[in-house]
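Architecture and fold: a report
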Amino acid sequence: MSLSAVLLAAGPSPSPIPSESPTVTVPTLQDAQESATNAASWVEQNWSTWLAIGLRVLLIVVIAGVLRVVVRRSITKLIDRMNRTVQAVDGTALGGLLVNAERRRQRSQAIGSVLRSVASFLILGTAGLMVLGTFEINLAPLLASAGVAGVAIGFGARNLVTDFLSGVFMILEDQYGVGDQIDAGVATGEVIEVGLRVTKLRGDSGEIWYVRNGEVKRIGNLSQGWATAGVDVTVKANEDLDRVKATLDEVAEKMSKEEPWNELLWSPIEVLGLDSVLLDSMVVRVSAKTMPGKSLTVERELRWRIKRAFDAADIRIVGGATVPPEADPDADPTAAVAAPSVYANTASAQAQAATPIAQPGAAAPMK
């Protein structure tokens, strides 16, 4: 079939007709008046509801703000009262040692910050939920989502939560503070900063340890209460015990009256007696209560004075659990050496006689 036949069968093509332009409807004055009347009637019907919602939201916000201010001020007054109580203890000797200004300041700041943050979170969070409920918003999906998110964050950041909670309880219970010498198990040193997540310690060599509060399983505070300085003096077993005790008592009495040891010593230096007795030596125990953290200083000074006093009294201090016997200076040093054996020389008659006799006809060893 040809192209012309196809065109004829299709029929005549329609001629293009210009599209008609849409008619623009101009609102009349009556329509505008009707729209304004409907809007006014809608506002008149709902203004009481809007006013009630607005007043309710305003009341919630005002109450939440006032309650937050009151709670925060109450917490601040509580912290100030705690500080005043501690300052009343500062007049005693024990209070001045256990609680210093920096420690009290950091502890009060940490406790106040935690309590204020928790109070603000609870008050503002409750107010926000009440405002959303005022607008008739369904809070069930929001609360469910928040619960799921909280569980997920708790599992993902459980170490952080553990550190934070441990730090809060350490500060509230006043387990240690700035300036204390503590043994945290993982590190030992002086506390230079107490945080809610990390505690900073300075070691004996000057290094700084960052200890996570959640990793601390036990804490030994060496700066609370009192410390014990103990010195073991090992002397020969044949020394006169009365002379040894008299010399130690003289050292203790003299040290207790001198500065600054009379302030560091909280009890008289006592000679407790024989700690152990061996065949050739005996150990005398000397002990005293000292200011917290000063036991090593007192022990070093006590050892120094005891050594000088024993040298002056001709009392010999020996070391170790047992004392080796003294050698006789007139003894022959070669007396303990065995004589050379004649069997060491293969050419001697004794060595020849001890040589096994070779069997005749024995095959020579193969090379």
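Conventions and cut-offs
- Going along each chain's sequence as written, the residues are numbered from 1 onward.
- Local features are withheld for residues below a pLDDT of 70 in this predicted model, meaning they are given only at 70 or higher, and side-chain atom pairs are given and counted only at 80 or more; totals for whole chains, interfaces and linings count all residues.
- The side-chain values count all of the structure's non-hydrogen atoms but skip hydrogen atoms and water molecules.
- Axis lines are fitted through C-alpha atoms, for helices just across the contact stretch, and the angle between N-to-C directions can take any value from 0 to 180 degrees.
- Strands are runs of DSSP state E lasting at least 2 residues, helices are runs of H or I lasting at least 4, and numbering of each runs from the N terminus.
- To sort the angles, those under 35 degrees are grouped as roughly parallel, those over 145 as roughly antiparallel, those from 65 to 115 as roughly perpendicular, and the leftovers as oblique.
- Should the near helix be turned anticlockwise from the far one by less than a right angle, the crossing is termed left-handed; should it be turned clockwise, right-handed.
- Contacts are residue-level and defined by heavy atoms, with any inter-residue pair within 4.5 Å sufficient.
- We call two strands paired when DSSP finds no fewer than two bridges between them.
- To count toward a patch, a residue needs a relative accessible area over 30% and no salt bridge; like charges are then connected within 9 Å, while nonpolar side chains (Val, Leu, Ile, Met, Phe, Trp, Tyr) are connected within 5 Å.
- Areas reported here follow the Shrake-Rupley algorithm with a probe of radius 1.4 Å; residue values treat only the protein chains shown as occluding.
- For salt bridges, the criterion is a side-chain nitrogen of Lys or Arg within 4 Å of an Asp or Glu carboxyl oxygen.
- The buried label goes to any residue with under 20% of its type's maximum accessible area, the exposed label to any with over 50%, and the partly exposed label to all in between, with areas taken from a 1.4 Å probe on protein chains only.
- Working rule for helices: expected span equals 1.5 Å times residues minus one.
- Polar contact is defined as a pair of N or O atoms within 3.5 Å, subject to the rule that within protein one atom must be able to donate a hydrogen and the other to accept it, and that residues adjacent in sequence are counted only when both atoms are side-chain atoms.
- Only rings of Phe, Tyr and Trp enter the pairing, Trp through its six-membered ring, and a pair is recorded when the two centres are within 6.5 Å. The plane angle decides the type: under 30 degrees is stacked, over 60 is edge-to-face, the rest tilted.
- A ring is scored as having a charge over it whenever the NZ atom of a lysine or the CZ atom of an arginine sits within 6 Å of its centre and within 35 degrees of its normal.

**A short note on the packing of helix H7 (residues 241-256) against helix H9 (residues 295-312)**
One way to put it is that H7 packs onto H9 with a least axis distance of 10 Å and a crossing angle of 130°. Viewed along their axes, H7 and H9 adopt a mutual orientation that is oblique. Between H7 and H9 lies a crossing of right-handed hand. Of H9, the residues touching H7 (which contributes Val-244, Thr-247, Leu-248, Val-251, Lys-254 and Met-255) are Val-298, Glu-301, Leu-302, Arg-305, Ile-306, Ala-309 and Phe-310.

**Structural notes on the sheet that holds strand S2 (residues 188-194)**
Across the sheet, five strands lie side by side as S4-S3-S2-S1-S5; this open sheet has antiparallel pairing. Two strands in the sheet have a free side with no partner beyond their single neighbour: strand S4 (208-212) and strand S5 (220-221). When S2 meets strand S3 (residues 198-202), the two strands line up antiparallel, connected through four bridges. Note on S3: the bridge partner recorded for Glu-190 is Arg-202.

**Quick word on a nonpolar patch on the surface**
Taken together, Trp-47, Leu-51, Leu-55, Leu-58, Val-62, Val-66 and Val-70 make up a surface patch of nonpolar side chains, about 660 Å² in accessible area. With respect to the helices, strands and loops of the structure, Val-62 is situated in helix H2 (residues 29-89).

**Some remarks on the sheet that holds strand S8 (residues 281-290)**
Within the open sheet, the three strands sit side by side as S6-S8-S7. Their pairing is antiparallel. In this open sheet, the two strands that pair with only one neighbour each are strand S6 (227-236) and strand S7 (270-277). When strand polarity is set aside, the average angle formed by the axes of neighbouring strands in this sheet is 25°. Sheet analysis places S6 next to S8, joined by 10 bridges and oriented antiparallel. Among the inter-strand pairings, Gly-230 is bridged to a residue of S8, identified as Ser-287.

**Thoughts on unusual backbone geometry**
Residue Pro-260 is bonded to the preceding Glu-259 through a cis peptide linkage, with omega at -5°. Turning to its location among the elements, Pro-260 is positioned in the loop between H7 and helix H8 (261-264). One non-glycine residue with positive phi stands out, namely Asp-314, at about 60°. Considering the arrangement of structural elements, one finds Asp-314 in the loop between H9 and helix H10 (349-353). For Asp-314, a relative accessible area of 64% translates into the label exposed.

**Focus: the pattern of salt bridges**
Proximity of charged atoms lets side chains of opposite charge pair with each other. The final tally for this structure, using the stated rule, is 12 salt bridges. Note that Asp-163 is salt-bridged to Arg-212, the shortest N-O span being 3.0 Å. One end of the pair, Asp-163, is in helix H6 (residues 158-172); the other, Arg-212, is in strand S4, and 49 residues separate them in sequence. When its relative accessible area of 2% is taken as the criterion, Asp-163 is described as buried. Residue classification places Arg-212 among the partly exposed positions, given a relative accessible area of 30%. Residues Arg-218 and Asp-183 are paired through a salt bridge, measuring 3.7 Å at the closest nitrogen-oxygen approach. Note that Arg-218 is positioned in the loop between S4 and S5 and Asp-183 in strand S1 (residues 181-183), a separation of 35 residues in sequence.

**What to know about H7**
Its 16 residues place the ends of H7 22 Å apart at the C-alpha level, agreeing with the 22 Å of an ideal helix rising 1.5 Å per residue. Considering only its buried residues, H7 is in contact with H8, S7, S8 and H9. With a side-chain oxygen positioned 3.3 Å from the backbone nitrogen of Asp-242, the residue opening H7 is Asp-240.

**Considering the pairing of S7**
In the sheet, S7 pairs with S8 via six bridges, with the strands oriented antiparallel. If you follow Gly-273 over to S8, its bridge partner there is Arg-285. Where S7 folds back onto S8 in an antiparallel hairpin, the turn is made up of three residues.

**Quick look at the environment of Gly-65**
Note that Gly-65 resides in helix H2. In this structure the C-alpha to C-alpha distance between Gly-65 and Ile-123, which are 58 residues apart in sequence, comes to 8.5 Å.

**Some words on the packing of aromatic side chains**
Scanning the model with the defined rule gives zero aromatic pairs in all. One residue, Lys-289, lies across the ring of Trp-226, its end atom 4.2 Å from the ring centre.

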